[in-house]
Amino acid sequence: MSDTIEIRLSGSGGQGLILAGIILAEAAILDGKNAVQTQSYGPEARGGASKAEVIISDEEIYYPKVSNPDVFLALTEEAMTKYANDVKENGLLIIDSTMKPPKDFLNVLSVPILETAQIKVGRIIVANIVALGVLTEATGAVSREAIEKAVLDRVPKGTEKINKTALQEGFQLIKLK
């Protein structure tokens, strides 16, 4: 892996991927790296496609926008269709297992993120944290310790236990692959 990794997280508004991007950037900073995070969502904030982008680097980051993501995580078909067009040729596509992988991607990781949040953790609302566990374990972009601390620092008070469980379940999804 190079000194810089560009990551795009996408899904529908309300799935918490903007928060996931913030948490990921904070984890990188906890690891002593540089990070920038940007976000965008349409006027239909809840329900429409949204994305968060994070650049993590050992070097200074001169341009805050992701141009060609190394890693693209999508939780909905709409988000994948809307935001996958500029992923690096050999970039990693992480999708929920309910989605059909596009033919033009060589490196696809299909994992049951939404099902894990709903069934194993018991709350679909923590799918974003399950996704962070998957992304962390699959890429090594940040350390497990840093992502856990960043998650616990950012989630609403009183939800730390369920979010920690969601993160652990995300790690496990990759270990099982």
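For the structure itself, consult the block above.
Residues numbered from 1 in each chain as written. Predicted model: local features only at pLDDT ≥ 70, side-chain atom pairs only at ≥ 80, totals over all residues. Heavy atoms only, no water.

1. Things to note about the pattern of salt bridges
1) Next: Scanning the model with the defined rule gives nine salt bridges in all.
2) Next: Note that K149 is salt-bridged to D153, the shortest N-O span being 2.8 Å. Note that K149 and D153 are positioned in helix α5 (residues 144-154) at a spacing of four residues, about one turn of the helix.
3) Next: Among the charged side chains, a network of salt bridges with common partners joins R8, K51, E53 and D86. (Salt bridge = Lys/Arg side-chain N within 4 Å of Asp/Glu carboxyl O. Helix = DSSP H or I, 4+ residues; strand = E, 2+ residues; numbered from the N terminus.)

2. Focus: the side chain of R8
1) Next: Turning to its location among the elements, R8 is positioned in strand β1 (residues 4-12).
2) Next: Residue R8 is classed as buried on the basis of its relative accessible area of 2%.
3) Next: Polar side-chain contacts of R8 include one of 2.6 Å to the backbone oxygen of Y83. (Buried < 20%, exposed > 50% of the residue type's maximum accessible area, 1.4 Å probe, protein only. Polar contact = N/O pair within 3.5 Å; in protein donor to acceptor, adjacent residues only side chain to side chain.)

3. A closer look at helix α4 (residues 127-139)
1) Next: Along its 13 residues, α4 runs 18 Å from first to last C-alpha, staying within 8% of the 18 Å computed at 1.5 Å per residue.
2) Next: With 11 of its 13 residues buried, α4 lies for the most part within the structure.
3) Next: Within α4 the residues assigned to the buried category are A127, N128, I129, V130, A131, L132, G133, V134, L135, T136 and T139. (Expected span 1.5 Å × (residues − 1).)

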